[in-house]
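# Geometric and topological summary
Here is how the chains run, residue by residue.
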Amino acid sequence: RYNRELIEHHVSGRLKVAPEHTSDEVLDCMRKPSFSLFYKFKRIFDDVNQKTGMRQQLIPYFISSHPACKEEHMAELAVITKNLDFRLEQVQDFTPTPFTLATEIYYTGINPYTMEKVYTAKTAEQKNRQRSFFFWYKGEFKAEIKRFLKEIGRMDLLNALFK
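Residues numbered from 1 in each chain as written. Predicted model: local features only at pLDDT ≥ 70, side-chain atom pairs only at ≥ 80, totals over all residues. Heavy atoms only, no water.

### Section: the environment of Ile110
Counted only if it meets this: Secondary structure elements follow DSSP: runs of H or I of four or more residues count as helices, runs of E of two or more count as strands, with numbering from the N terminus. Remark: exposure states derive from per-residue accessible area (1.4 Å probe, protein chains only) relative to the maximum for the residue type, with buried under 20%, exposed over 50%, and partly exposed in between. The contact rule is simple, with two residues in contact once any of their heavy atoms fall within 4.5 Å.
Inspection of the secondary structure puts Ile110 in the loop between α5 (101-108) and α6 (124-132). Looking at Ile110, the relative accessible area reads 24%, which means it is partly exposed. When the C-alpha atoms of Ile110 and Thr120 are compared, they prove to be 9.9 Å apart, with ten residues separating the residues in sequence. In contact with Ile110, not counting residues within four places along its chain, are Ile105, Met115, Glu116, Lys117 and Val118.

### Considerations on the side chain of Asn111
Among the structural elements, Asn111 can be located in the loop between α5 and α6. Of the residues examined, Asn111 reaches a relative accessible area of 14% and is grouped as buried.

### Overview of unusual backbone geometry
Despite not being glycine, Arg31 shows a phi value in the positive range, around 65°. Structurally, the position occupied by Arg31 is in the loop between α2 (24-30) and α3 (36-52). Residue classification places Arg31 among the exposed positions, given a relative accessible area of 55%. Residue Met115 is not a glycine yet carries a positive backbone phi of 65°.

### Quick look at the packing of helix α4 (residues 71-83) against helix α8 (residues 155-162)
How two helices sit against one another is set out by the angle between their axes and by the gap between those axes. Keep this limit in mind: Interaxial angle, 0 to 180 degrees, is taken between N-to-C directions of lines fitted to C-alpha atoms, where a helix line uses only the stretch in contact. Roughly parallel here means an angle under 35 degrees, roughly antiparallel means over 145, roughly perpendicular means 65 to 115, and every remaining angle is called oblique. Here is the rule for handedness: rotate from the far helix to the near one, and if that takes an anticlockwise turn smaller than a right angle the crossing is left-handed, while a clockwise turn gives right-handed. In this count, Pro and Cys sit with the nonpolar residues alongside Ala, Val, Leu, Ile, Met, Phe, Trp and Tyr, while Asp, Glu, Lys and Arg are called charged and the others, Gly among them, polar.
At a minimum axis separation of 9 Å, α4 and α8 run at an interaxial angle of 30°. With respect to each other, α4 and α8 are oriented roughly parallel. Between α4 and α8 lies a crossing whose hand is left-handed. On α8, the residues that touch Glu72, Ala75, Glu76, Ala78, Val79 and Lys82 of α4 are Leu157, Ala160, Leu161 and Phe162. Of the residues contributing to the contact of α4 with α8, the split by class is seven nonpolar, no polar and three charged.

### Some remarks on the environment of Glu20
With respect to the helices, strands and loops of the structure, Glu20 is situated in strand β1 (residues 14-20). Distance from Glu20 to Asp85, taken between C-alpha atoms, is 17 Å for residues 65 residues apart in sequence. Those residues in contact with Glu20 that lie beyond four places of it in its chain are Met30, Lys32, Tyr61, Phe62 and Ile63.

### Looking at the nonpolar core
Let me state the cut-off plainly: Throughout this description, the term nonpolar core refers to a set of buried Ala, Val, Leu, Ile, Met, Phe, Trp, Tyr and Cys residues connected via side-chain atoms within 4.5 Å.
If you look at the biggest cluster of nonpolar residues, it comprises 40 residues, and the most contacted ones within it are Phe133, Phe134, Leu149 and Leu161. Where this core is concerned, the elements lending two or more residues are β1, α2, α3, β2 (57-64), α4, α5, α7 (139-151) and α8.

### As for the pairing of β2
Selection criterion: Here the rule is simple: two strands pair whenever DSSP picks up at least two bridges between them.
Burial analysis of β2 places six of its eight residues in the buried class, the great majority of the element. Pairing geometry for β1 and β2, over five bridges, is parallel. Its bridge partner lying in β2, Arg14 is registered against Gln57. Summarising the sheet, β2 and strand β3 (residues 91-93) pair through three bridges and their orientation is parallel.

As structure tokens, then:
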């Protein structure tokens, strides 16, 4: 009921939401719920718009290079958002900020709750590779993304993204 009330009476055409990632592994590191909740919300959003004749937009916000995020996760994000008919614009590359869990993981490479090592993209090249997946639909990124997917052995994602 709350979502229907919000969507029908309190959205002025565009609703920005922040699922931040599609990978449960990355979302777990962020201490956020599964992306499956976004699917549920999107169904409600689309249903309310269809039933009311409204043509509102759902604008998701995503982040790359967060601790635990690998190129494979970004490639999967690209395929998932493509299948949801999103062409992402509201995106950000992870920036360490003081006094946050993510920043502690970024600098130490360790999750303090599990004491496990956590991969984090740190170089400009690693960060740019991850960020490029947001823009799979732009011609200038296509060859680069194809090369990255071949390098990580994910031809399945290459076919899903560019079929």
